[in-house]
Amino acid sequence: MTDASTLFDAAIIGGGPAGLAAAIALAQAGARTALVARRLPYADNRTTALLGASVELLESLDVWPRCKDKAAALEVMRLVDDTGRLFRAPEVRFACHEIGLEAFGYNIDNRSLMLALEARAADFANLVRFDDEAENVVVEADDVAIRTASGQFLTARLVVGADGRHSLCREAAGIAVTRRELTQTALTFNVSHARPHRNVSTEFHTPHGPCVFVPLPGNRSSVVWVSAPAEAERLRGSSDEELSAAIEKQSHSILGRMTVEPGRNLFPLAIERPASFARDRIALVGEAAHVVPPIGAQGLNLGLRDAADIARLAGEAIASGEDPGASEVLNRYDRARRPDILSRTFVIDIANRSLLNDFLPLQPVRAVGMHLLGAIGPLRRLAMREGLTPTWRR
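As recorded in an unreviewed UniProt entry, the protein chain goes by UbiH/UbiF family hydroxylase and comes from Bradyrhizobium commune. Per UniProt, the protein chain has the following entry under Sequence similarities (unreviewed entry): "Belongs to the UbiH/COQ6 family." Of the comments in the UniProt record for the protein chain, the one headed Cofactor (unreviewed entry) reads "FAD".

Visitor: Lay out the overall build of the protein chain with the relevant residues and their values.
Guide: Helices and strands together make up the secondary structure of the protein chain, namely 10 helices and 19 strands. By residue count, 52% of the 394 residues in the protein chain fall in the buried class. Taking as baseline every contact in the protein chain between residues at least 6 positions apart, the subset at least 24 positions apart corresponds to 75%. With an accessible surface of roughly 17,100 Å², the protein chain has 55% of that area assigned to carbon and sulfur atoms.

Visitor: Requested: an account of helix α2 (residues 52–60), with residues and values cited.
Guide: For α2, every residue scored as buried is listed here: Ala53, Ser54, Val55, Leu57 and Leu58. Note on α2: the residue one or two positions beyond its end, aspartate 62, has a positive phi of about 60°.

Visitor: Break down the environment of alanine 278 for me, citing the residues and quoting the values.
Guide: Positionally, alanine 278 belongs in strand β18 (residues 278–279). Overall, the relative accessible area of 10% leaves alanine 278 in the buried class. Considered as a pair, alanine 278 and valine 159 are 119 residues apart in the sequence and their alpha carbons are 9.8 Å apart. Look past the residues within four positions of alanine 278 in its chain and what remains in contact with it is Ile175, Ala283, Leu330, Tyr333 and Asp334.

Visitor: Describe a nonpolar patch on the surface, and please don't skip the residues or the numbers.
Guide: A cluster of nonpolar side chains, contributed by Phe346, Val347 and Ile350, occupies part of the molecular surface with about 300 Å² of accessible area. Positionally, isoleucine 350 belongs in helix α8 (residues 327–356). Here isoleucine 350 falls in the partly exposed class, since its relative accessible area comes to 42%.

Visitor: Describe the packing of aromatic side chains, listing the residues and the values that go with them.
Guide: Enumeration over the complete set of coordinates arrives at three aromatic pairs. When the centroid spacing of 5.4 Å and the interplanar angle of 55° are considered together, the rings of tryptophan 64 and tyrosine 106 count as tilted. In this pair, tryptophan 64 sits in the loop between α2 and β4 (72–74) while tyrosine 106 sits in strand β7 (residues 105–109), placing the two residues 42 residues apart along the sequence. Arranged with centres 6.0 Å apart and planes meeting at 85°, the rings of phenylalanine 204 and phenylalanine 213 form a pair that is edge-to-face.

Visitor: Mind laying out the pattern of salt bridges, listing which residues take part and the relevant values?
Guide: All told, the structure shown has 24 salt bridges when counted by the stated rule. Aspartate 306 is paired through a salt bridge with arginine 337; the nearest N and O atoms lie 2.6 Å apart. With aspartate 306 in helix α7 (residues 299–319) and arginine 337 in helix α8, this residue pair connects regions lying 31 residues apart in the sequence. Residue aspartate 306 is classed as buried on the basis of its relative accessible area, which comes to 0%. Look at arginine 337 and you get buried, because its relative accessible area is 0%. Beyond isolated ion pairs, a larger network of salt bridges with shared partners links Arg305, Asp306, Asp309, Arg312, Glu316, Arg337, Asp340 and Arg344.

Visitor: So what's going on with the packing of helix α1 (residues 17–28) against helix α3 (residues 110–121)? Residues and values would help.
Guide: Direction vectors running N to C along α1 and α3 enclose 25°, while the axes themselves pass 10 Å from each other. One way to sum up the angle between α1 and α3 is to call them roughly parallel. The element α1 and its partner α3 pack so that their crossing is left-handed. Residues Pro17, Leu20, Ala21, Ile24 and Gln28 of α1 form the contact with α3, whose own contacting residues are Leu113, Met114, Leu117, Glu118, Arg120 and Ala121. Taken together, the residues that form the contact of α1 with α3 break down as eight nonpolar, one polar and two charged.

Visitor: I'd love a proper account of the side chain of histidine 197, names of residues and values included.
Guide: Of note, histidine 197 is situated in the loop between β12 (177–193) and β13 (200–206). Overall, the relative accessible area of 11% leaves histidine 197 in the buried class. Of note is the side chain of histidine 197, whose polar atom sits 2.7 Å from the backbone oxygen of leucine 216. Engagement of the side chain of histidine 197 in a polar contact is seen with the backbone oxygen of glycine 218, the distance being 3.0 Å.

The rules behind the values
- The numbers attached to residues start from 1 for each chain and follow its sequence in the written order.
- The predicted nature of this model means local features are confined to residues of pLDDT at least 70 and side-chain atom pairs, given and counted, to a pLDDT of 80 or more, with totals for whole chains, interfaces and linings taken over all residues.
- Heavy atoms from the whole structure form the basis of all side-chain values; hydrogens and water molecules are not counted.
- UniProt positions are given in the numbering used here, feature names are shortened, and annotations may be inferred rather than shown by experiment.
- In DSSP terms, a helix is any run of H or I states spanning at least four residues, a strand is any run of E spanning at least two, and both are numbered starting from the N terminus.
- Accessible area is worked out with a 1.4 Å probe on protein chains only. A residue is then buried under 20% of its type maximum, exposed over 50%, and partly exposed in between.
- We call two residues contacting when some pair of their heavy atoms lies within 4.5 Å.
- Areas reported as accessible are Shrake-Rupley estimates using a 1.4 Å probe. Residue values count occlusion only from the protein chains shown.
- Without a salt bridge and with relative accessible area above 30%, a residue can belong to a patch; like charges are then joined within 9 Å and nonpolar side chains (Val, Leu, Ile, Met, Phe, Trp, Tyr) within 5 Å.
- Counted as salt bridges are all cases of a side-chain nitrogen of Lys or Arg within 4 Å of a carboxyl oxygen of Asp or Glu.
- What counts as a ring pair is set by centres within 6.5 Å for rings of Phe, Tyr and Trp (its six-membered ring), and what kind of pair is set by the plane angle: stacked under 30 degrees, edge-to-face over 60, tilted for all other angles.
- Every angle, taken between N-to-C directions, lies between 0 and 180 degrees, and every axis is a line fitted to C-alpha atoms, over only the stretch in contact when it is a helix.
- Put simply, angles under 35 degrees are roughly parallel, angles over 145 are roughly antiparallel, angles from 65 to 115 are roughly perpendicular, and the rest are oblique.
- For a crossing to be left-handed, the near helix must be turned anticlockwise from the far one by less than a right angle; the clockwise case is right-handed.
- Just so you know the grouping, Ala, Val, Leu, Ile, Met, Phe, Trp, Tyr, Cys and Pro go in nonpolar, Asp, Glu, Lys and Arg go in charged, and all remaining residues, Gly too, go in polar.
- Distance and chemistry together define a polar contact, namely a pair of N or O atoms within 3.5 Å, with one atom able to donate a hydrogen and the other to accept it when in protein, and with adjacent residues in sequence counting only for side-chain atoms on both sides.

Okay, structure coming up:
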């Protein structure tokens, strides 16, 4: 018989932004919640571009007021064809005021975001933190049994797997995943620059992938530079002076002289999609549910929408006396997430393939498509709205 003190309505495994957001949202919905995740110092310098719906979620969780002063607004997004091909697309600019917004979203360093999430999570008496890693997850008829690395035991009627690409929860639920490794690697780092960015995010499309400059507070930007794996390794190993010169050249000096800040990270790119997003009392969120290339800032924004949906559906189930881990609830979650995740993955994949494909007849097709997107107001405004929030979520 399960000890009532270790039986939870929901247990979240994984303490990244998506996992913490899910834990806070579930606790705020009244669920007796466990969070199984080590408290680790968040020392790297990566950043996240939070788009409209993600900011709204963080506001509703009382997280955003704790960190918004560390963020830079994203008011304009520029797409620049830098492929050097015979047929190149014209520059496309998306401006937030065109759809009545003050900003598309905000770019924030992950450390500040995590500190705000951790601080908010500590406010809830019904959110119990297990500062440990899950070592074993076993699905049973009425609950899920979890054993941690230090030998602690707990059970939950619903488990939210926020434990990344190599998800223990996904494996426990027997959910198969389709993986496709891409011959691309993302190098991330931050730069300071001589000219102000004026809250404009610029994405250069190169033959090897995008190179994106996203505003940070002050005359600083975060950079995601996608290239061939060997080139990414070479750039990471270059001196500060060499990388500063290389990224300034790649940017066509739009922000003036650039100086690379300490801290560089490499990420081999892939596309991953599980066969289902929930099964056997386990719901997947974040990179356990989807892995996509860093195009259009969709990765964590998808993960936060996962967190919002599972918290809403589980909260509704608990409020109406239902089992939050019942198959009916998980089926609702799968139906809620499937169109969003699959459509975003498809669009990102096609956009990425169009950069990598040298087939000459496809070049004018891409160029014409970008021209229409930039020239036709209603189409451009539709693309902006869909990029922020899918139609079915409004």
